[in-house]
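# Structural features, examined
Each chain, written out:
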Amino acid sequence: MSEMLQYDFMRVALVMAVLIGLTAPAVGTFIVQRRLSLLGDGIGHIALTGIGLGLLTGTSPVLGALVVSVLGAVAIEVLRARSRSGGDVALALLFYGGLAGGVILTNANGGGSATLQSYLFGSISSVTVSDLYVVAGLAATVLAIITLFGRELFLLCLDEEVARAAGLPVRFLSVLIAATAAVTVVISMRAIGLLLVSALMVVPVAAAQQLTRGFWGTMLTAMGIGVLSAVSGLAGSFEYDLPPGPSIVLLALAAFVAAVTGGSVVRRRRARAALDGVAAGPGVEARVDAEAEVLG
Amino acid sequence: MNPPAKDPAPPFAMTGGLVRRDGREVLAGIDLRVGAGDVLAVLGPNGAGKSTLVKALLGLVPLAGGRTEIYGVPPARFRDWNRIGYVPQRLPAGGGVPATVREVVASGRVARRSRRRPAPFTDRAADRAAVERALRTVGLTDRARDSAHLLSGGQQQRMLIARALAGEPDVFVLDEPTAGVDARSQAALASTLHELTTAGRTVVLVAHGLGPMEPLITRTIELDHGRIVRETALDTLERPA
Ligand SMILES: Nc1ncnc2c1ncn2[C@@H]1O[C@H](COP(=O)(O)OP(=O)(O)O)[C@@H](O)[C@H]1O
Ligand SMILES: [Mg+2]
């Protein structure tokens, strides 16, 4: 650890890993509950076209990725809202179009397979301090959105019709979730790579929900797992000269396996505690009666 | 709770309501006015269009013909959603992220929030008090920290009712709140509704049968194949003027 901290790029990369570990699972909690686990994946495909466009126009690839993936995310949300059945195929077209277009554009700009590889699977050594400022700004934006709109977004994810009957701007909030996911893809792409970013949105959440009972608890636990896997994955990739993205994702998957194992132990213990409580207490029937008494 | 202010426009008014789903008329020729303080039961067999009707009243399902208003305003332009409490037929499963009972109930406070005051600046104490009160009313206080999806059907029903209660609305719209609920809980629900109605709240209630709620009901409509086939006004209970 101390050895790698001697390198400037590693210090920058570690701060970035913390930011990614916080934001990706936070957004992912909403994404998973809305059954949009593959949304991040699709946005990642589309973002590659943005990178290509950024290289083509001589502006920054990050800016290109940001603009194109936010637009793509909004398009996906509109398509989803418009049609239930046709939406699926339209999404596929968008994804593959984005990926193919991105590869062609990147190649056309003299970006060889090394450039492409670094965007698809992440590369930490190329990260600069100015990249970090951009990522920090975007991460702060994402976390601010979740803090400000968290309660509304929670109700939207819980039950869209109830959210509408509560007067929430459901269209706007859905687009907001998709756009936030797009920003998260851009935040994470440098370190993790476009093909694996959505793993860090989904896997820590899947791990956390084995252990938790509530929504916000799941989000916070997932953020903890995200930070741990991002930081240790990065350290491991430095230590053993591995690509960072796959290392981080494999560690998140290991956390998932551990959570499944640990979760079943926790649940069994809770069930036993509940049984003991009933045995010691007034018995099931009496408890139900007492509850009904309170109701009446 | 103070009785709601007198409104010239009724909570719900639908004329010639027509709803199509997949090209089929699911509701047709619906004329329905729900006045303030009414306790209306919507009856009818499965697939008659009861859920569709309450969703159309709330603007959740678009009308293919006719018009509907909430307090005199079409749903698309209606703003006072904090006056409406909608209890859906069930809690959607979603993607499997858990939510505690308290989190679900607290989400009923969202419509109370001012647009100009985002989450961190709202009146936390009032929110918490309303949520605790709602949990106590339905008898779920000791389950507040449990995962909502692990409750029994009847408990989930009560949790969804508590969510609407937490919002302190003037109008309650409940879609089959007694489905899968045992007799005791039905009686408990009836007594909760009794409190609401004596406080002058308006209730629209979808049900198969009335059971212990019968004395509270002031009007019934019966749907079949998307049409109102029977209407009754029962004045069995002394209603506050
Ligand atoms: N989203 C939908 N798409 C297509 N048909 C629907 C939809 N929702 C309800 N229906 C149809 O509308 C009819 C009325 O349904 P519903 O209002 O749920 O009845 P009820 O609540 O009285 O059981 C049924 O025939 C049902 O199949
Ligand atoms: Mg129904």
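In this report, the structure presented in the accompanying data block is examined. (Residues numbered from 1 in each chain as written. Chains lettered and ligands numbered in written order. Predicted model: local features only at pLDDT ≥ 70, side-chain atom pairs only at ≥ 80, totals over all residues. Heavy atoms only, no water.)

### A few points about the overall build of chain B
Along the backbone of chain B there are five helices and nine strands. Starting at the N terminus, the α and β elements of chain B follow one another as β-β-β-α-β-β-α-α-α-β-α-β-β-β. For chain B, the spread of C-alpha atoms along the three principal axes comes to 45 × 45 × 45 Å. Here chain B holds 241 residues, and the buried ones make up 54% of them. By sequence separation, contacts in chain B at least 24 residues apart represent 69% of the contacts at least 6 residues apart. (Helix = DSSP H or I, 4+ residues; strand = E, 2+ residues; numbered from the N terminus. Buried < 20%, exposed > 50% of the residue type's maximum accessible area, 1.4 Å probe, protein only. Contact = heavy atoms within 4.5 Å.)

### Focus: the sheet that holds strand β8 (residues 219–224) of chain B
Residues and elements named next belong to chain B. Pairing in this open sheet of six strands is mixed, and the strands run β5-β6-β7-β3-β8-β9 from one edge to the other. At either margin of the open sheet sits one strand with a lone partner, and together these are β5 (84–87) and β9 (227–233). Between one strand and the next, the sheet's axes are offset by a mean angle of 15°, whatever the strand orientation. Alignment of strand β3 (residues 39–43) against strand β7 (residues 202–206), held across four bridges, turns out to be parallel. Residue pairing across strands places V39 opposite V203, the latter belonging to β7. Running over the sheet, helix α4 (residues 153–166) touches β5 and β6 (171–175) and is turned about 170° from β5. Lying over the sheet, helix α5 (residues 183–198) contacts β3, β6 and β7, oriented at roughly 145° with respect to β7. (Pairing = 2+ DSSP bridges. Axes fitted to C-alpha atoms, helices over the stretch in contact; angles between N-to-C directions.)

### Structural notes on the nonpolar core
Counting 156 residues, the largest nonpolar core has B:F12, B:L53, B:I84, B:V105, B:M159 and B:L193 as the members making the most contacts within it. Contact partners of B:L193, with chain neighbours within four places excluded, come to B:L174, B:V203, B:L205, B:M213 and B:L216. (Core = buried A, V, L, I, M, F, W, Y, C linked by side-chain atoms within 4.5 Å.)

### Things to note about the coordination of the magnesium ion (ligand 2)
Residues and elements named next belong to chain B. Note on the magnesium ion (ligand 2): its protein donors are S51 (OG) and Q89 (OE1). The metal-donor distances range over 2.1 to 2.8 Å. In this pair, S51 sits in helix α1 (residues 50–57) while Q89 sits in the loop between β5 and α2 (101–106), placing the two residues 38 residues apart along the sequence. The class of Q89 is partly exposed, set by a relative accessible area of 24%. (Donors = N, O, S within 2.8 Å, 3.2 Å for Na, K, Ca; no water.)

### Concerning the site of ligand 1
Residues and elements named next belong to chain B. Residues in close proximity to ligand 1 include R21, D22, R24, V26, P45, N46, G47, A48, G49, K50, S51 and T52, which together make up its full environment. In the model, an oxygen atom of ligand 1 is placed 3.1 Å from a nitrogen or oxygen of the R24 side chain. Between ligand 1 and A48 there is a distance of 3.2 Å, counted from an oxygen atom to a backbone nitrogen or oxygen. Isolated, ligand 1 exposes 560 Å² of accessible area, and the fraction of that covered by the protein chains is 66%. At the level of elements, β2 (24–34) and α1 are the ones that each hand at least two residues to the shell around ligand 1. Here the shell around ligand 1 takes three residues from α1, the largest share from any one element. In terms of residue class, the shell around ligand 1 is built from three nonpolar, five polar and four charged. (Near = heavy atom within 4 Å. Polar contact = N/O pair within 3.5 Å; in protein donor to acceptor, adjacent residues only side chain to side chain. Areas by Shrake-Rupley, 256 points an atom, 1.4 Å probe, with all protein chains shown as cover. Nonpolar A, V, L, I, M, F, W, Y, C, P; charged D, E, K, R; others polar.)

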